[in-house]
Structures are given as structure tokens and as C-alpha cells.
Amino acid sequence: SIKFKEAYTPNQQDDKPITKLDKIQIIWENVLPHRKLVKKAGTIETFPTGNPDGKYNASEMSDGERVIFYLIGEVVSVPENTILVIDEPEMHIHSSITKKLWDEIEKERPDCTFIYLTHDIDFAISRQDAIRIWAKSFDGSKWDYEILENRSEERRVGKECRSRWSPDH
């Protein structure tokens, strides 16, 4: 498969297949433009863009790089029309990357429904065309929640949550 893809030339009789691994690579490199992936038989390596001599094995990726690769792979691989529950989509990922990552993943899988459970108000607000539910509290048997209808409510909730947060929570 790898040899076919490497030897492929445009306009040849057989179309070059786009694999799930290709889709993962495209999204990963869009989200992390300072890194490139190299797929080989049985291994994946990465290197800083513009420095192919700086290759390192996927097992040496940072936690963030691995999580991004894993999340993309999981979502690309699910069956069509899946409902995905993503718990803490920002975990191990720098806040400057989180929105772009999930935008790219959602763009790849418009057939899926994404449900995000997050403590990151800015990320929650960044989801376009979303229904936002603020879980205010849980007493062990009953949730107190509010469905947020507009941006002004979201800003109010963001201010309330930030003002109540402390390092001791």
C-alpha cells in the first residue's frame, strides 16, 4: 500500500486512495503546522517542519501531539452518523490549539453529532450552531441546569463561572 502510494503519479489509471491515516495526517498537520508526519510500514515518525533530520518516533511525541493524533484517529474511524461524547476536549492540548483541532475534526465528520463536556467556557462558546447547556450543580440525584439561548447569556455565565472559580476548587 505504501509503495503504491509513493509510486503514484497523477493521471495513472488507478486513483490514489485516501486512507483514514491520510485524513489523520492532513488534520494533524493543519492543527500543528510546525510538525510533519512520516508514515512508514509499521511506524509513524514526526519532525519539525523544515527540519527532516530532526525526526523522532511517534512514541516520543509530546502528550499533546499524541492526544491530538489519538482524538483525530478515533473520530475519523467511527461509523457514519455517530453521536460522540467528548469529555474534556481540551485535556493535554494547549488552549491555542483546541478550537482549531475540533473545527478541523468537525469539518471532516459533518455526519456526526458532537457532545462536549467541558470546563472551558471559551471553548464552549467557540462551537458554532451549538446548543449550550450550563450545568450549574448536581445534588447527587438531580441536575440544576440552564439552556443558554444567546451570546449575552454565555458571557454572563462565563463571568459568573470565572468569578466563582478559585485555585482551591
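Residues numbered from 1 in each chain as written. Predicted model: local features only at pLDDT ≥ 70, side-chain atom pairs only at ≥ 80, totals over all residues. Heavy atoms only, no water.

It is not clear to me how the pattern of salt bridges should be interpreted in this structure. Could you clarify?
When the charged atoms of two side chains lie near each other, side chains of opposite charge can form a pair. As enumerated under the stated definition, the model contains 11 salt bridges in all. Taking the shortest distance from any N to any O, the salt bridge between Asp111 and Arg109 comes out at 2.8 Å. What makes Asp111 partly exposed here is its relative accessible area of 26%. You can call Arg109 buried: its relative accessible area is 8%. One salt bridge connects Glu146 with Lys136, and the closest N-O pair in it is separated by 3.1 Å. With Glu146 in strand β7 (residues 143-148) and Lys136 in strand β6 (residues 132-138), the pair connects residues that are 10 residues apart, well separated along the chain. The class for Glu146 is buried, based on a relative accessible area of 17%. What makes Lys136 partly exposed here is its relative accessible area of 34%. Overlapping salt bridges, with partners in common, bring together Lys99, Asp103, Glu106 and Arg127 in one network. (Salt bridge = Lys/Arg side-chain N within 4 Å of Asp/Glu carboxyl O. Buried < 20%, exposed > 50% of the residue type's maximum accessible area, 1.4 Å probe, protein only. Helix = DSSP H or I, 4+ residues; strand = E, 2+ residues; numbered from the N terminus.)

It is not clear to me how the side chain of Thr98 should be interpreted in this structure. Could you clarify?
Relative to the helices and strands, Thr98 is located in helix α4 (residues 95-108). For Thr98, a relative accessible area of 2% gives the class buried. Once you skip the residues sitting within four places of it in the chain, Thr98 turns out to touch Pro89, Glu90, Ile93 and Phe123. (Contact = heavy atoms within 4.5 Å.)

Whenever I open this one, the confidence of the model for the chain confuses me. Can you help?
Low-pLDDT portions of the prediction should not be read for the details of their coordinates. Model confidence for the chain is summarised by a mean pLDDT of 86, while 83% of its residues fall at 70 or above. Ignoring residues within four places in sequence, the model shows residues 162-169, a span with pLDDT below 50, making four contacts including any to other chains. (pLDDT = per-residue confidence, 0-100.)

Any chance you could explain the environment of Leu71 here in plain terms?
When you line up the elements, Leu71 lands in helix α3 (residues 63-77). Relative accessible area serves as the criterion here: at 17%, Leu71 is assigned to the buried category. Distance from Leu71 to Trp102, taken between C-alpha atoms, is 9.4 Å for residues 31 residues apart in sequence. Those residues in contact with Leu71 that sit more than four places away from it in its chain are Ile93, Leu101, Trp102 and Ile105.

Hey, could you run me through the sheet that holds strand β3 (residues 56-57) in this one?
Picture the strands of a sheet paired through backbone hydrogen bonds; they go either parallel or antiparallel. Reading across from one edge, β1-β2-β3 is the order of the three strands in this open sheet, with antiparallel pairing throughout. One side of each edge strand has no neighbouring strand; the edge strands of this open sheet are β1 (35-40) and β3. With two bridges joining them, strand β2 (residues 43-48) and β3 adopt antiparallel strand pairing. The residue of β3 that forms the bridge with Thr46 is Tyr56. Where helix α2 (residues 20-31) meets the sheet, it contacts β1 and β2, and its direction lies at approximately 165 degrees from that of β1. (Pairing = 2+ DSSP bridges. Axes fitted to C-alpha atoms, helices over the stretch in contact; angles between N-to-C directions.)

Explanation requested: unusual backbone geometry in the structure shown.
In most cases, non-glycine residues show a negative phi, while peptide bonds are predominantly trans. One non-glycine residue, Glu88, lies in the positive phi region at around 55 degrees. Topologically, Glu88 is positioned in the loop between β4 (83-87) and α4. Classification of Glu88 by relative accessible area gives partly exposed; the value is 28%. Backbone geometry at His92 places phi at a positive 65 degrees, although glycine is not the residue there. By the element assignment, His92 lies in the loop between β4 and α4.

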